[in-house]
Every structure is written in C-alpha cells, then in structure tokens.
Amino acid sequence: ATDLPLLEVRGLSVNYGGIQALQEINLVVNQGEVVTLIGANGAGKTTTLRTISRILNPRHGQIVYAGRDITRRKAHEVVALGMAHSPEGRRVLAKQTILDNLELGAYVRSHAAAVKQDIEQQFQLFPRLAERRYQLAGTLSGGEQQMLAIARALMSRPKLLLLDEPSLGLAPAIVREIFNIIKNLRNTGVTILLVEQNAHLALQAADRGYVLEAGQITLIGPAQDLLQDDRVKQAYLG
Ligand code: ATP
C-alpha cells in the first residue's frame with residue numbers, strides 16, 4: 001500500500017458562487033514527498049488546500065487520501081485520519097500560551113506522556129518556542145507565530161501536513177529559518193503539501209512542484225527542473 005499516493009486529487013473544481021476558483025485540477029502527493037503548489041495571488045492555492053482539508057466543498061472531482069475517498073468527509077474527520085492544516089494567516093490562540101497551543105494541537109490524541117514528549121520534540125525543532133513556552137501566543141512576533149502554527153499542526157503527528165503560505169508577511173531572515181525547518185521536516189520523512197508565493201524558496205525545499213494559474217495547473221515537474229524552467233523563471237522567480 002505504500003506505493004499508492006498518500007493524496008490524490010482528481011478533476012477538482014471549486015466555485016465561489018458564480019466564480020470558478022479551481023478548474024479540474026489533478027494533483028498527487030506521494031508518501032515522504034514535499035510537494036509545492038506555487039502561483040500568483042488569487043491563483044487558487046489557498047482554495048486548493050482548504051478543499052483538501054475539507055473546509056470547502058468541491059463542485060466536481062474527487063479527493064483520495066490514504067486510500068480513502070474523503071471528498072464528502074468533514075474537516076474533523078480528516079484530522080482524525082492524520083491530515084493537519086497550518087492555515088494562511090497562522091491563527092494561533094492569542095490568549096493562550098505556547099504550551100497550551102501545542103497541547104491543543106494534540107487534541108485528537110489521548111496518550112498524555114507521548115504528547116508531552118512530542119511537545120519537547122517541537123521545542124527541539126523550534127528553539128525560539130522553547131524559550132517562550134509560557135508566553136502568550138498573541139505577543140509573539142509574526143515569524144514565531146508561524147513557527148507555532150507549524151509546531152501545533154505537527155502535534156497531531158500528521159501523515160500529511162498542509163502548509164499555507166508560511167512566508168507571508170515575514171522578514172527574510174525568519175523566512176529562511178522557517179524554510180530550514182521545512183527542509184529538516186522533509187529529512188525526517190514528513191509528507192508536506194506546501195502552498196507558497198515565494199516560488200524560489202518553495203522549489204528549493206520541495207521534491208516536486210505544480211504551477212497554478214487562474215485555477216488551472218499549467219506546469220508540473222521535479223522542483224529542480226521548475227527552478228530552471230524559463231516560464232517559471234520569468235513569471236515567478238523574477
Ligand atoms: P493568495 O495567495 O492571495 O491567498 P491564492 O492562490 O491562495 O491567493 P485563493 O485565495 O485560493 O488564491 O483564491 C482564488 C480565487 O477565488 C480568487 O479569485 C479569490 O478572489 C476567490 N475567492 C477566494 N475566497 C473567496 C470567497 N470566500 N468568496 C469569493 N471568492 C473567493
């Protein structure tokens with residue numbers, strides 16, 4: 001079963017009222033891969049992730065995850081199946097501490113000792129969070145909140161991590177730090193679908209990439225090839 005894709009999206013279309021945000025997109029994420037979805041503002045990247053994590057309903061198409069058709073499942077059900085979504089804009093609980101936020105990320109799990117151990121593991125991955133564990137999340141910098149959002153998603157021990165725009169609004173130094181962490185996660189075998197506007201960083205961190213333009217996939221390939229592709233260079237690598 002391990003050679004089946006972990007995630008397969010087939011012919012997915014999503015509408016907002018009369019506006020078609022996604023048109024028949026196909027996408028595959030294999031076990032252990034980091035796959036990035038790049039594209040301009042408004043191309044439909046966030047819509048894709050929100051549909052996969054079952055926050056939005058597709059008009060047409062199918063989402064198969066870990067061998068199951070999840071097209072009609074509810075968001076909380078896919079969380080229980082090991083899919084974690086770190087949303088655009090981070091959305092940590094501002095009035096709770098870092099520790100509380102991490103514990104909440106583990107709400108689908110019941111083994112307290114293992115949760116504690118995983119919190120320590122997150123603190124190793126994100127030393128900035130360790131130093132601030134009793135600090136309220138709302139007082140963290142944007143970059144630290146992004147780290148917390150990723151760490152919180154990892155607390156569910158996801159089979160698949162959906163990461164939406166981790167670089168959004170952050171200073172270059174902290175963006176580099178976050179992408180180094182994503183590369184480390186890749187080395188530990190976490191499967192990631194990464195949505196990013198910063199195509200350069202995303203392709204450097206990924207195994208494969210998809211280019212989304214106005215709701216359609218226009219290019220697919222190994223990340224290294226896309227980095228060299230003239231169309232990608234011209235449109236996204238500036
Ligand atoms: P960004 O990086 O700006 O978030 P994106 O690639 O993630 O861009 P989406 O947010 O998925 O793009 O938006 C795709 C299209 O759907 C856009 O044209 C957007 O205006 C539209 N859209 C998104 N959310 C809604 C909504 N709730 N209602 C109506 N239209 C929407």
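Residues numbered from 1 in each chain as written. Predicted model: local features only at pLDDT ≥ 70, side-chain atom pairs only at ≥ 80, totals over all residues. Heavy atoms only, no water.

### Looking at the overall build of the protein
Just so we agree on the cut-off: Helix and strand assignments follow DSSP, with helices taken as H or I runs no shorter than four residues and strands as E runs no shorter than two, numbered in order from the N terminus. Each radius of gyration reported is based on C-alpha atoms, and the globular scaling rule is 2.2 Å times the count of residues to the power 0.38. Buried residues are those whose accessible area, probed at 1.4 Å on protein chains only, stays under 20% of the maximum for their type, while exposed residues exceed 50% and partly exposed ones sit between those limits.
Looking only at helices and strands, one finds 10 helices and 10 strands in the protein. Taking 18 Å as the expected radius of gyration for a compact globule of 238 residues, we find that the protein reaches 17 Å, a close match to that expectation. Each of the three principal axes of the protein carries a C-alpha extent, and together these read 45 × 40 × 35 Å. Across the 238 residues that make up the protein, the buried fraction comes to 51%.

### Here we look at the packing of helix H3 (residues 98-105) against helix H6 (residues 142-154)
Defined as follows: Axis lines are fitted through C-alpha atoms, for helices just across the contact stretch, and the angle between N-to-C directions can take any value from 0 to 180 degrees. It is the rotation of the near helix from the far one that decides the hand of a crossing: anticlockwise by less than a right angle makes it left-handed, clockwise makes it right-handed. Should any heavy atoms of two residues lie within 4.5 Å, those residues are counted as being in contact.
At a minimum axis separation of 7 Å, H3 and H6 run at an interaxial angle of 35°. As for how H3 packs across H6, the hand of that crossing is right-handed. Counted together, Ile98, Asn101, Leu102 and Gly105 of H3 and Leu148, Ala151 and Arg152 of H6 form the full contact between these two elements.

### Remarks on the site of the ligand
Going by this rule: Near, as used in this document, describes a residue that has one of its heavy atoms within 4 Å of the molecule or strand being considered. Side-chain atoms alone can form a polar contact between residues adjacent in sequence; in general such a contact is a pair of N or O atoms within 3.5 Å, and within protein one must be able to donate a hydrogen while the other accepts it. Here, Shrake-Rupley sampling with a 1.4 Å probe gives the accessible areas, and only protein chains in the shown set may cover a residue. Residue polarity is assigned by list, with Asp, Glu, Lys and Arg as charged and Ala, Val, Leu, Ile, Met, Phe, Trp, Tyr, Cys and Pro as nonpolar; anything else, Gly included, falls into the polar class.
In the vicinity of the ligand, 13 residues are found, and the nearest of them are Asn41, Gly42, Lys45, Thr46 and Thr47. Contact between the ligand and Asn41: an oxygen atom at 2.4 Å from a side-chain N or O atom of the residue. At 2.8 Å, a backbone N or O of Lys45 approaches an oxygen atom of the ligand. Contact with the protein chains hides 61% of the accessible area of the ligand, taken as 630 Å² for the molecule alone. By residue number, the principal contributor to the shell around the ligand is helix H1 (residues 45-52), which donates three residues. Considered class by class, the residues forming the shell around the ligand number four nonpolar, six polar and three charged.

### Some points on the nonpolar core
The condition is simple: We call a set of buried Ala, Val, Leu, Ile, Met, Phe, Trp, Tyr and Cys residues a nonpolar core when their side-chain atoms join them within 4.5 Å.
Judged by nonpolar contacts, the single largest core of 49 residues is most densely connected at Leu161 and Ile192. Sequence-distant contacts of Leu161, defined by excluding residues within four places in its chain, comprise Ala84, Ala153, Leu154, Leu185, Val190, Thr191, Ile192 and Leu193. Among the nonpolar cores identified, the runner-up in size contains 26 residues, and Leu37, Ile52, Leu160 and Tyr210 belong to it.

### Focus: the side chain of Ser86
As for its position among the elements, Ser86 is in strand S6 (residues 83-86). Of the residues examined, Ser86 reaches a relative accessible area of 1% and is grouped as buried. The residues contacting Ser86, other than those within four sequence positions of it, are Gln146, Ala149, Ile150, Ala153, Leu162, Leu163 and Asp164.

### Section: unusual backbone geometry
Residue Arg54 is not a glycine yet carries a positive backbone phi of 70°. If you trace the backbone, Arg54 turns up in the loop between H1 and strand S4 (60-65). Its identity is not glycine, yet Ala66 carries a phi of approximately 50°, on the positive side. Of note, Ala66 is situated in the loop between S4 and strand S5 (68-69).

### Some remarks on the packing of H6 against helix H7 (residues 172-187)
The description of two packed helices rests on the angle between their axes and on the distance between the axes. The following threshold applies: Every angle not falling under 35 degrees, over 145, or within 65 to 115 is termed oblique; those three ranges are roughly parallel, roughly antiparallel and roughly perpendicular.
The geometry of H6 relative to H7 is characterised by a closest axis approach of 10 Å and an angle of 15° between their N-to-C directions. As the angle between them shows, H6 and H7 are arranged roughly parallel. As for how H6 packs across H7, the hand of that crossing is right-handed. Residues Gly143, Glu144, Gln146, Met147, Ile150 and Leu154 of H6 touch H7, and the partners they reach there are Ile174, Glu177, Ile178 and Leu185.

### Things to note about the layout of surface pockets
A water-sized probe, rolled over the atoms, reveals where empty space remains. The cut-off we apply is this: The definitions used throughout rest on a 1 Å grid laid over the protein atoms alone, on which a cavity is an enclosed set of points accommodating a 1.4 Å probe that cannot get out and a pocket is an open set flanked by protein within 12 Å on both sides along at least five of seven lines; lining residues are those having an atom within 4 Å of a point. Grid points are joined across faces, edges and corners, and a volume is the space filled by probe spheres set on the points.
What the largest pocket holds in volume is close to 490 Å³. Forming the boundary of the largest pocket are 21 residues, of which Val79, Ala84, His85, Pro87 and Tyr107 lie nearest the centre. Where the lining of the largest pocket is concerned, the elements lending two or more residues are helix H2 (75-80), S6, H3 and H6. It is H2 that contributes the most residues to the lining of the largest pocket, four residues altogether. For the lining of the largest pocket, a count of residues per class yields 13 nonpolar, five polar and three charged. If you add up the space inside the second largest pocket, you get close to 300 Å³.

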